[in-house]
Amino acid sequence: MPTKTTKKKTTRKTRSKVKKNLVIVESPAKAKTIEKYLGRNYHVIASKGHIRDLPKSQMGIDFDDNYKPKYISIRGKGDTIKELKSEAKKAKKVYLASDPDREGEAIAWHVAHALNLDEKDKNRVTFNEVTKDAVKESFKHPRTIDMDTVDAQQARRVLDRIVGYSLSPILWAKVKKGLSAGRVQSVALKLVIDREKEIKNFKPQEYWTIDAEFVKDKSKFKAAFYGIDGKKTELPNNEAVQDVLSKIDKKKSFEVQNVVTRQRRRQPPAPFTTSTMQQEANKRLGYRTRRTMSIAQQLYEGISLGKQGTVGLITYMRTDSKRTSPVAQQEASKFLHEKYGAEFAAKSQRHFKNQEDAQDAHEAIRPTSVYRTPESLKEVLTTEQYRLYKLIWSRFLASEMTPAVYDTVRADINQNSVTFRTTGSQMKFPGFTKVYDNAQEKNVELPDLAEGEEVKLSKSDNKQHFTQPPARYTEASLVRALEENGVGRPSTYAPTIDTIQRRYYVKLEGRAIVPTELGEIVDGLIEEFFPDITDVDYTARLESDLDNVEDGNKNWVKVVDDYYHPFKKELDKADSEIEKVQIKDEPAGFNCDICGAPMVIKMGRYGKFYACSRFPDCRNTKPIVKKIGVTCPKCGKGEIVEKKSKKNRKFYGCSRYPECDFVSWDQTIGRNCPNDGHFLVQKKTKKGLVILCPNGDYKEEPKEDN
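Predicted model only: the values in this text are computed from it and were never measured.

Engineer: Can you walk me through the pattern of salt bridges in this structure?
Structural biologist: Close approach of charged atoms allows side chains of opposite charge to pair. Counting across every chain of the model gives 41 salt bridges. Here R472 and E509 are joined by a salt bridge, their closest N and O atoms 3.9 Å apart. On the criterion of sequence distance, the pair formed by R472 in the loop between β16 (454-466) and α14 (475-484) and E509 in strand β17 (residues 506-509) is long-range, its members being 37 residues apart. R472 gets classed as partly exposed once you look at its relative accessible area, which sits at 32%. The class for E509 is partly exposed, based on a relative accessible area of 41%. K683 is the partner of D666 in a salt bridge, and the nearest nitrogen-oxygen pair spans 3.4 Å. Here the residue D666 occupies a position in the loop between β26 (663-664) and β27 (667-672), and K683 occupies one in strand β28 (residues 679-685), the gap between them amounting to 17 residues. On the accessibility criterion, K683 (36% relative accessible area) is partly exposed. What emerges from the salt-bridge pattern is a single network uniting R102, R489, D547 and E550.

Engineer: I would appreciate a short explanation of the UniProt feature "site: Interaction with DNA" (unreviewed entry) in the protein in the present structure.
Structural biologist: When the UniProt feature table is mapped onto this chain, "site: Interaction with DNA" (unreviewed entry) is found at H50, R156, R157, D160, Y165, W172, R318 and R503. Spanning 454 residues, the named residues are also spread out in space, since their farthest C-alpha pair is 33.9 Å apart. Take H50: it is sitting in the loop between β2 (42-46) and β3 (52-53). Residue class for H50 comes out partly exposed when judged on its relative accessible area of 22%. In this view, H50 contacts I74, K77, E103, A106, I107, H110 and Q153; residues no more than four positions away in its chain are not counted. When you line up the elements, Y165 lands in helix α6 (residues 147-174). Under the relative-accessibility criterion, Y165 is labelled partly exposed at 33%. Setting aside its immediate chain neighbours within four residues, Y165 contacts P55, K56, Q58 and M59. From its side chain, Y165 meets the backbone oxygen of K56 in a polar contact 2.9 Å long.

Engineer: What's the story with the side chain of R195 in this structure? I'm lost.
Structural biologist: The topology assignment puts R195 in helix α7 (residues 183-201). Residue R195 is classed as buried on the basis of its relative accessible area of 18%. Those residues in contact with R195 that lie beyond four places of it in its chain are P470, A471, R472 and Y473.

Scoring rules and cut-offs
- For every chain, the first residue of the written sequence is number 1, and numbering continues from 1 onward in sequence order.
- Given that the model is predicted, a residue must reach a pLDDT of at least 70 before its local features are reported, and side-chain atom pairs must reach 80 or more before they are shown or counted; all residues, however, enter totals for whole chains, interfaces and linings.
- Each side-chain value is worked out from all heavy atoms of the structure, with water and hydrogens disregarded.
- Salt bridges are counted wherever a side-chain nitrogen of Lys or Arg sits within 4 Å of a carboxyl oxygen of Asp or Glu.
- What counts as a helix is a DSSP run of H or I of at least four residues, what counts as a strand is a run of E of at least two, and both are numbered from the N terminus.
- Using a 1.4 Å probe on the protein chains alone, a residue whose accessible area is under 20% of its type maximum counts as buried, one over 50% counts as exposed, and one in between counts as partly exposed.
- UniProt positions are given in the numbering used here, feature names are shortened, and annotations may be inferred rather than shown by experiment.
- Any pair of residues with heavy atoms lying within 4.5 Å of one another is described as a contacting pair.
- Polar contact criterion, stated in full: a pair of N or O atoms within 3.5 Å, where within protein one must be able to donate a hydrogen and the other to accept it, and residues adjacent in sequence count only if both atoms are side-chain atoms.

As structure tokens, this is what we get:
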């Protein structure tokens, strides 16, 4: 017995001395998941993002030494770096498994530098999805750090620092403190302001339409005026409408002509890129771009599925490629055959064409397994995670399905050279719309129409219209515009839009992005003195140059140098020629309740506010609140006012706060519920304003127009 006991102790001691492989990832959540996949010979820890960066207190660029960056450890990362070094000393081998993009490659390089690892060592591991098979396979093929990719990130970081740290002091001196400017954010701001100028300068054009209702064998169908003598004719005014109507004899029949029937195939959409995911999540789910990326990050890094452990549910979410792996396509085909039948599965694997400047390093965004259906995961996902996962899952599955097929018919209805045109459409086969309908077409039924037969005019309605200005950008359409213009990359869309909102250069009105007075001032200065920065084509060319650096076709120092020298000339000119901008204070119309001096409206970092005109001698300030004309339902004394939360979300509260603490996310309407006496609120829906009781037992739907 004593001999056996001694043997066991020796075994334990020997095992404890076995060195493990150390794996360094970016996020703690991903670290736990990957450690389970790799087993006991591996220890996985997180760098928690970047550990080194340029200093905040200075430019941090050595212009005399090929723009050499002066990297320092990021403040607050001391303990993390200490842990990384400690674990690396104990490790058998260190693997760098940060995210598979430019930022991830740069993080791996910075970590290698901090730990004194050999850059030529094959210790870099990347995987596009956090699944057991993908992770284990990636460790079979480690590689060296890709210095071309690191240089591309370094060039972007250096240029952004040069632009930001050169422009911001000018804005502080000439406009106001706390402002900033940057390469991509300046272009985004310019796009918003140019659109606002288009709207302001837009001159509406009058035009008219004539809609008609015809009858055939008691079946009614609609048609619209098309033209005269078979040629499409515009109706610019009422005189043109009356001229058309004068040619029509309402007592006589119309003849059916030019009946065309055909089959139309609607092709499925491509799987998501970062841009299209952000756009669809904004349009369908109402998610802001930053929120979408945060939820997608959670789905990528892994969700606990109970007995199955933690699994990454989607592939990497920063990509502009529409390519998907053949293995994933085969799995989708199998799923479709089992779930819906062979007629719904594409006959061959699809290949969607990427945009010209797209990077193809990563797949499109897709579920890591289509067999993990949204419904099967509903219990383990939050509502936000479930809704976004369902969108990604259904979009990918749709991309591997057959087209939707429609039977369409078009016919001309003619009398006295006046032609009306009618179109009908019936879905013959749903195809991909079975799981994802991105257009939501409605069937338009027509009676059987044959050439030469006669139909009667039941009624007609002529209406005056005016052309509408272009719509303001939403977050979705601004992302699309940035992508279409080649400005920025998947990782930059969300932070760019977030930055111009935080700086109060733009604000949200509903979903529309509206420039502020401050934004217009900043844009005007940058456009006048730094035209290259706001030039969309110039910025797009720079993105292309950065791609060439990543591909090994350009030197990063040369790219920075080519950009910096013209910028330096503009900088010197601007510093001497820009005059200080005076943002005039508007009179508030009432006096300070502390010192009696007139109050004024000032422009702050987060919008306008009331302040005493004697500032800084008197520092009295008040928020600007919007009254909605409703008495507080709680105290009955104060008025309900519109306010903004710290996250810029609109809510409603009592003007007597803090004496009365009434608050509501929804606007109160000044009436009480007839069922329980609770105050009623109104909510915006697609149908219009709905009035309801927060307790859920009363609802007034919007009235439909007759």
